[in-house]
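So you can see what is in the structure, the chains are spelled out below.
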Amino acid sequence: MLFHVKMTVNLPVDMNPERAARLKADEKALAQQLQQTGKWRHLWRIAGLYANYSVFDVDSVQELHDLLMQLPLYPYMAIEVNALCRHPSSIHEDDR
Ligand SMILES: O=C(O)CC1=CCC(=O)O1
């Protein structure tokens, strides 16, 4: 199951810089691990924003939920999720 996810990060302006750096490093490590597994299929920066568009390929809505909730930056993110299905005009056989 494919899901398009928008994540907007809002770190408190007064957050300790070392704490912020640790969270970002932990987020990066997990994001890269999930990309290696194929669960996090795409990760794009939204130009001009501290936000990303991502595509997740998971087995269930519950798996997506659990995965998003374990992200280190989760407490500081606004997350929007849209379920995707195959477009009849798509030429990409792996779009499902
Ligand atoms: O910078 C972001 O958009 C938040 C984020 C998600 C994965 C990652 O490494 O950073």
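Rules used in this analysis
Residues numbered from 1 in each chain as written. Predicted model: local features only at pLDDT ≥ 70, side-chain atom pairs only at ≥ 80, totals over all residues. Heavy atoms only, no water. Pairing = 2+ DSSP bridges. Helix = DSSP H or I, 4+ residues; strand = E, 2+ residues; numbered from the N terminus. Axes fitted to C-alpha atoms, helices over the stretch in contact; angles between N-to-C directions. Contact = heavy atoms within 4.5 Å. UniProt positions renumbered as here; feature names shortened; annotations may be inferred. Core = buried A, V, L, I, M, F, W, Y, C linked by side-chain atoms within 4.5 Å. Buried < 20%, exposed > 50% of the residue type's maximum accessible area, 1.4 Å probe, protein only. Phe/Tyr/Trp six-rings, centres within 6.5 Å; stacked < 30°, edge-to-face > 60°. Near = heavy atom within 4 Å. Polar contact = N/O pair within 3.5 Å; in protein donor to acceptor, adjacent residues only side chain to side chain. Areas by Shrake-Rupley, 256 points an atom, 1.4 Å probe, with all protein chains shown as cover.

**Things to note about the pairing of strand 2 (residues 40–45)**
Sheet topology note: the strand 2/strand 3 (residues 51–57) ladder contains five bridges and is antiparallel. Following the sheet pairing, L43 is matched in strand 3 by S54. Counting the residues that bridge the hairpin from strand 2 to strand 3 gives five residues, and of these G48 lies at a positive phi of roughly 85°.

**Describing the sheet that holds strand 3**
Taking strand neighbours across the sheet as the criterion, the four strands line up as 2-3-1-4 in an open arrangement whose pairing is antiparallel. The sheet is open, and its two borders are formed by strand 2 and strand 4 (77–84), each paired with just one other strand. On average, adjacent strands in this sheet sit at an angle of 15° to one another, irrespective of strand direction. Strand contacts of helix 1 (residues 17–37): strand 2 and strand 4, with the helix running at about 135° to strand 2, the strand carrying the most contacts. Sitting on the sheet, helix 2 (residues 61–69) is in contact with strand 1 (2–9), strand 3 and strand 4, with an inclination near 20° to strand 1.

**Looking at the UniProt feature "domain: Muconolactone isomerase" (unreviewed entry) in the chain**
Listed under "domain: Muconolactone isomerase" (unreviewed entry) in the UniProt record, and renumbered for this structure, are residues 1–89. Segment residues 1–89 splits into 34% helix and 33% strand. End C-alpha atoms: 19 Å apart.

**Describing the nonpolar core**
In this structure, V5, M7, W40, F56, L64, L68 and L71 are the most contacted members of the largest nonpolar core, which totals 19 residues. Elements represented by at least two residues in this core include exactly strand 1, helix 1 and helix 2. Among the elements that make up this core, the one with the highest residue count is helix 1 (five residues). Those residues in contact with W40 that lie beyond four places of it in its chain are M7, E27, A31, L34, Q35, S54, V55, F56 and L71.

**Quick look at the packing of aromatic side chains**
The tally for this structure, following the rule as stated, stands at one aromatic pair. Here the aromatic rings of W40 and F56 are separated by 4.6 Å at their centres, their planes lie at 35°, and the arrangement is tilted. Residue W40 is found in strand 2, and its partner F56 is found in strand 3; the two are separated by 16 residues along the sequence. When sorted by exposure, W40 lands in the same class as F56, which is buried.

**Some words on the site of the ligand**
As a structural note, the neighbourhood of the ligand is formed by V9, E27, K28, A31, W40, R45, Y50 and N52. Contacts to the ligand include N52, whose side-chain N or O atom sits 2.8 Å from an oxygen atom. Calculation on the ligand without its partners gives an accessible area of 280 Å², and the protein chains cover 88% of this total. The set of elements that each furnish at least two residues to the shell around the ligand consists of helix 1 and strand 2. No other element matches helix 1, which puts three residues into the shell around the ligand.

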